[in-house]
Amino acid sequence: MPTFFNYPFQSNGFIPHGHCYLWQTGLVWLHIISDATIALAYYSIPFLLIYFISKRRDVPFNGVFLLFGAFIIACGTGHLMDIWTLWHPDYWVAGALKAVTAIISIYTAFALFYLMPQALTLPSPAQLEVINRVLSTEIVERKRIEKELRFAEEVAQNSSQAKSEFLANMSHELRTPLNGILGYTQILQRTESLTEKGRKGVGIIYQCGSHLLTLINDVLDLSKIEARKLELYPVDFYLPAFIDSVTEICRIRAEQKVIGFHVELDPDLPTGIHADEKRLRQVLINLLSNAIKFTNQGSVTFKVQVIGQELNANGQTSYKIRFQVIDTGTGISPEQADKIFQPFEQVGSQKRQTEGTGLGLAISQKIVLLMGGQIQVESSLSKGSTFWFEAKLPESKDWAKVSRVVEQGTIIGYQGQRCTILIADDKWENRSVIVNLLEPVGFTVVEANNGQEAWEQALIYKPDMIITDLVMPILNGFELIERLRQSGPFKEIAVIASSASVFAIDQHKSIDIGADAFLPKPIEAETLLEMLRQFLKLEWIFDIKVEANKKTYTGGLEQPNEMIPPTKEVLQQLLELTQDGDIQKILELAQKLPASDERLSIFTLQIVQLASNFQLKRLETFIQQYIN
């Protein structure tokens, strides 16, 4: 070593590497075997590290493992180089290899230096054991809580089911006598000769009974929702007249409160749509009624707009329609907004809360959810509220044809001479409904925008029947009916008064002035067609398929041996509705039976006849005889 320092830059005096071992064979082999063994051991370590990293990719510090593996490989290669230089003095190569090893070792040392604080934070086996014990305790506790939650959920479900059954039973018990009251109230209004005071009294009974029936229906709907039995029954109907009927009913309520009522309709709205007309009307009237109820100043605006459309798999256009109700009323606080869609929750003053059950919005929300939408609300206290929802509704182009389908089949015409019908209504939507219903059947339909125009058209066309609205400009419906009855040519003509008025006094006044019948709006096609048949003495012509069915089943109700009942499931459903006193649902279900099986026509007629006359006991006996 002293010699090296004496000659730092000269190699004189140095001997080859092998001379260090004095070329003793045993000593040389000792170094060869030792270096080779060390190199083999070094090489095995990085291969094991690489295998470990490939199997455990989630382990941290992979970079340090790679640096350490490179350092080990360099060290192993250095030992092999020592064997090589025993015979081949490539000392520059050996030195360069050692330099690379030194660099790698420095990088590894620095990496370990920065890694050490992180490594110290890793939990020890004892700490891991403590953590495992804590986790085990938490798992046991969570299982206990989940068990208690399941038990509480079962208790809540049982309580909810008991409540739903109670509400349903109470609703059914109340509906049975109430349907009889409403039915015979209408019979008294139309058939009995009553004094003015008596008519008003019967009218009040009918209005109060209708309001009570609405509240009962809300409770029944809630029980159906909680029992997950509320379903939608979509039909094809005329959208403009539907919207007009809804807005006319609500416009009257707005006028009573002396507030503005505005309707904004998208010009791109479809003419006919396929949806549950009854449920959609229920939702819209509820939203509009609430807006009017909580608005004392300002206005209520009803917007209907198309926000999108697409073609479905059948090539039918489906419209995405937004229904929006905007008011300038009392508004809703954020705390109230979170609760208004819950059953029996009401907002506003105590006086307003007594006006309903608090079920309207809860039921409406469930209906809209079934339609694939959701009622949303934005509101500012003392400034007003905006309620809206969106629904995808398929377009219907056959709504008029569907409306002409009655129990006997689809009406395609009538026997005898062509009849002329005069329609007086300031709303084109209402006139369009009747035009589209009657023209395909063979009627000539003449339209008038007001009573004065209707009078002039009557003088020109001499119609066989006149259908007139009651509220029109220039000459209203009452004045038109009076003028017709005072004129010789029109004293005997059939006149039907039609209105969306919710007041029974308007209906009776039109009859007293001289109208032959009252046709409520929204107009029901079957009711209109029946009036035409009665007053014009018509005999309908049905499609060939239905005519063949009628010839097969001649003899009517007097031949019970030819009466074919539906399935036991349908019979049981009819029996439950009868026991509930739900006349409307009985008629709706009965009218669907011939469509599923033409042989059920006679059975359907008997059901309709008994239900329409409120003969519930006879109807129950009639159904039970087929069940038993």
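Scroll up to find the structure.
Bear in mind that the values here come from a model prediction, so they are computed numbers and not experimental data.

## Quick look at the packing of aromatic side chains
Given two aromatic rings, one states the distance between the centres and the angle between the planes to describe the pair. Going through the model one piece at a time under the given rule, you end up with 9 aromatic pairs. Each ring, one from Tyr 414 and one from Trp 540, has its centre 6.4 Å from the other, and the planes form 80°; the classification is edge-to-face. Taken as a pair, Tyr 414 in strand S9 (residues 409-414) and Trp 540 in strand S15 (residues 540-542) lie far apart in primary sequence, 126 residues in all. Looking at Tyr 414, the relative accessible area reads 9%, which means it is buried.

## Some details on the sheet that holds strand S6 (residues 376-380)
The 5 strands lie next to each other as S2-S4-S5-S7-S6, forming an open sheet whose pairing is mixed. Strand pairing shows two members of the sheet lacking a second neighbour, strand S2 (260-265) and S6, which therefore form its edges. When strand polarity is set aside, the average angle formed by the axes of neighbouring strands in this sheet is 15°. Pairing of S6 with strand S7 (residues 384-394) involves 5 bridges; the strand directions are antiparallel. The partner of Val 377 across the bridge, within S7, is Phe 387. Contacting S2, strand S4 (299-311) and strand S5 (317-327), helix H7 (residues 239-256) crosses the sheet at an angle of about 165° to S2. Along the sheet, helix H8 (residues 277-293) contacts S2, S4, S5 and S7; its crossing angle with S5, the most-contacted strand, is approximately 20°.

## Concerning the nonpolar core
Counting 42 residues, the largest nonpolar core has Ile 321, Phe 323 and Phe 389 as its most contacted members. Secondary structure elements with two or more residues in this core: H7, strand S3 (272-275), H8, S4, S5, helix H11 (360-370) and S7. Among the elements that line this core, the one with the most residues is H8, at 8 residues. When residues no more than four places from it in sequence are discounted, the contact partners of Phe 323 are Leu 280, Leu 284, Phe 302, Lys 303, Val 304, Phe 387, Trp 388, Phe 389 and Leu 393. Residues Ile 434, Phe 443, Leu 519 and Leu 536 belong to the second largest nonpolar core, which totals 30 residues.

## Examining H8
End to end, H8 covers 24 Å across 17 residues, agreeing with the expected 24 Å (1.5 Å per residue, within 8%). Where burial is concerned, most of H8 is hidden: 12 out of the 17 residues are buried. For H8, every residue scored as buried is listed here: Arg 279, Leu 280, Arg 281, Val 283, Leu 284, Ile 285, Asn 286, Leu 287, Leu 288, Ser 289, Ala 291 and Ile 292. Its side-chain oxygen at 3.1 Å from the backbone nitrogen of Arg 279, Asp 276 defines the N-terminal cap of H8.

## What about the packing of helix H13 (residues 428-438) against helix H17 (residues 525-536)?
Contact geometry of H13 with H17 gives a least axis separation of 12 Å together with a crossing angle of 65°. The chirality of how H13 crosses H17 is right-handed. Between H13 and H17, the contacting residues are Ile 434, Leu 437 and Leu 438 on the first element and Ala 525, Leu 528, Leu 529 and Leu 532 on the second. The residue inventory of the contact of H13 with H17, partitioned by class, reads 7 nonpolar, no polar and no charged.

## Examining the sheet that holds strand S14 (residues 517-520)
The strands that make up a sheet are held in pairs by hydrogen bonds between backbone atoms, and each pair lies either parallel or antiparallel. Spatially, the 5 strands line up as an open sheet ordered S11-S10-S12-S13-S14, and their pairing is parallel. The sheet terminates laterally at strand S11 (444-448) and S14, the two strands that pair on one side only. If you compare each strand with its neighbour and ignore which way they point, the axes differ by 20° on average. Strand direction decides the pairing type here: strand S10 (residues 420-424) and strand S12 (residues 465-469), joined by 4 bridges, are parallel. When the sheet's bridge partners are listed, Leu 422 is paired in S12 with Ile 466. Packing of helix H15 (residues 477-486) onto the sheet brings it into contact with S10, S12 and strand S13 (494-499), and relative to S12 it is tilted by some 155°. In the packing of H17 onto the sheet, contacts are made with S10, S12, S13 and S14, and the angle to S14 comes to roughly 165°.

## A short note on unusual backbone geometry
Its identity as a non-glycine residue notwithstanding, Ser 382 has a phi of 70°, on the positive side. Given a relative accessible area of 63%, Ser 382 falls into the exposed group.

## Looking at helix H22 (residues 616-627)
Compared with the 16 Å implied by 1.5 Å per residue over 12 residues, the 16 Å span of H22 between its first and last C-alpha is a close match. Taken together, the buried positions of H22 are occupied by Leu 616, Leu 619, Phe 622, Ile 623 and Ile 627. The buried residues of H22 all sit within an arc of 140° when viewed along its axis, so they share a single face. Exposed and oriented more than 90 degrees from the buried face of H22 are Lys 617, Arg 618 and Thr 621.

Each value, and the rule that gives it
Residues numbered from 1 in each chain as written. Predicted model: local features only at pLDDT ≥ 70, side-chain atom pairs only at ≥ 80, totals over all residues. Heavy atoms only, no water. Phe/Tyr/Trp six-rings, centres within 6.5 Å; stacked < 30°, edge-to-face > 60°. Helix = DSSP H or I, 4+ residues; strand = E, 2+ residues; numbered from the N terminus. Buried < 20%, exposed > 50% of the residue type's maximum accessible area, 1.4 Å probe, protein only. Pairing = 2+ DSSP bridges. Axes fitted to C-alpha atoms, helices over the stretch in contact; angles between N-to-C directions. Contact = heavy atoms within 4.5 Å. Core = buried A, V, L, I, M, F, W, Y, C linked by side-chain atoms within 4.5 Å. Expected span 1.5 Å × (residues − 1). Polar contact = N/O pair within 3.5 Å; in protein donor to acceptor, adjacent residues only side chain to side chain. Left-handed = near helix turned anticlockwise from the far one by under 90°. Nonpolar A, V, L, I, M, F, W, Y, C, P; charged D, E, K, R; others polar. Arc of directions from axis to C-beta.

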